[in-house]
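Listed here are the chains, written in short residue letters.
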Amino acid sequence: MVRLTMDLIAKNAGHKNRSEEDFGQYVQKLTHLNLSDKNIDSIGDLSFCRNLRVLYLYDNQINQIQNLDFASNITHLYLQNNRISSIENLSPLKKLEKLYLGGNYITVVEGLDKVGELRELHIESQHLPPGEKLLFDPVSLNSLAKSLSVLNISNNNIDELEELAVLENLSYLKAVDNQLKHMKDLEGVLKKWTKLRRIDLTGNPICQKPKYKDRIIVQSLTLESLDGKEIQEMERRFLMNWKASRAARQKSNERKTDEQAAKVESSDFEAPYFTIPLHPSRPVKEKKEKPDFLDLAHKQKGERKPPPRIRERRSQTKTQVEEESEATS
């Protein structure tokens, strides 16, 4: 294995036969250093490279980020395809803007709470244990909330993006070949990414959802590119009009439903009323005929009822007798 030291830099730069003074001046002026694919397994003392801006260390065997205390001026650090399992020892890199860590063995995105100027984080395709997904430390995410604009998290078994909603300045998200499934969760995050310009979700199950593309275009008004394809303004305008008309129809239907429900409710509580006549008719009582005492007497004696003429004569006789008795008295 090879250790990254000043001797390796000198050998790589062709300064092997030059004087030590010349080499010292050379490394002090060095701004870009490319030591990719050199079978390097560790980072040694590079304290003389104080003006280094860009360091290429990808495609090596490095297992730990270390000995970068000197690198306060580094803006770009390339560490892809190594054997790094933890993001650490980056706090001295106060000017770091772009960090490339794809193809390593990192399971948690952490250790970035002191790197306040980071604009791009590329951490795709980590070698994760079977069944596990890449996790994010909330402290690091909150520290990157206002600075990070580009995030590449492709191929990391990620199934939701809710915790990334704090990245308010995100303009480009690449999350290809993950396990994103829920459209509502994605729409909720898109509402908070008000500066998003590009998003690539190719290879996720969510791409098979009905009207997947239309719903994203309508939800994110700032989006210019989806899954590598440019969004036409005419297409967005058409979808916005369609959404507005559908919302109006839905609101109208809801209003009609509410009105019908209100009518039914009021009829259920309406008090019944009756019509009272102004001149109520009283039932007419049947006049009872006065009893015919003569008929009763005959009935009691079992005699036949005399004919009507005889009864009339008897009645007249009875009346005369009564009148005579009253006269004599």
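Quick caveat, the model's predicted, so the values are computed rather than measured. (Residues numbered from 1 in each chain as written. Predicted model: local features only at pLDDT ≥ 70, side-chain atom pairs only at ≥ 80, totals over all residues. Heavy atoms only, no water.)

Turning our attention to the pattern of salt bridges. In the structure shown here, the tally under the stated rule is seven salt bridges. Note that E97 and R119 form a salt bridge whose closest N and O atoms lie 2.9 Å from each other. Of this pair, E97 sits in the loop between β5 (76-78) and β6 (98-100) while R119 sits in the loop between β7 (108-109) and β8 (120-122), and the two are 22 residues apart along the sequence. Take E97: its relative accessible area is 25%, and that puts it in the partly exposed class. R119 sits in the partly exposed class, given a relative accessible area of 34%. K98 is paired through a salt bridge with E120; the nearest N and O atoms lie 3.5 Å apart. (Salt bridge = Lys/Arg side-chain N within 4 Å of Asp/Glu carboxyl O. Helix = DSSP H or I, 4+ residues; strand = E, 2+ residues; numbered from the N terminus. Buried < 20%, exposed > 50% of the residue type's maximum accessible area, 1.4 Å probe, protein only.)

Turning to helix α4 (residues 183-192), a few remarks are in order. Among the residues of α4, M183, L186, E187, V189 and L190 are the ones counted as buried. Projection of α4 onto a plane perpendicular to its axis shows the buried side chains occupying an angular sector of 165 degrees, all on one side. α4 presents K184, K191 and K192 as exposed residues on the side facing more than 90 degrees away from its buried surface. Elements that come into contact with the buried residues of α4 comprise β12 (198-200) and α5 (212-219). (Arc of directions from axis to C-beta. Contact = heavy atoms within 4.5 Å.)

Okay, the packing of aromatic side chains next. According to the stated counting rule, one finds three aromatic pairs in the structure shown. On the numbers, 6.3 Å between centres and 85 degrees between planes, the contact of Y56 with Y58 is edge-to-face. By relative accessible area, which is 23% here, Y56 ends up partly exposed. Overall, the relative accessible area of 25% leaves Y58 in the partly exposed class. Centre to centre, the rings of Y78 and Y100 are 4.3 Å apart; their planes meet at 10 degrees, and the pair counts as stacked. Here Y78, found in strand β5, pairs with Y100, found in strand β6; they are 22 residues apart in sequence, far enough to count as distant. Assigned by exposure class, Y78 and Y100 land together as buried. Through pairs of rings, three or more aromatic residues link up here, namely Y56, Y58, Y78 and Y100. (Phe/Tyr/Trp six-rings, centres within 6.5 Å; stacked < 30°, edge-to-face > 60°.)

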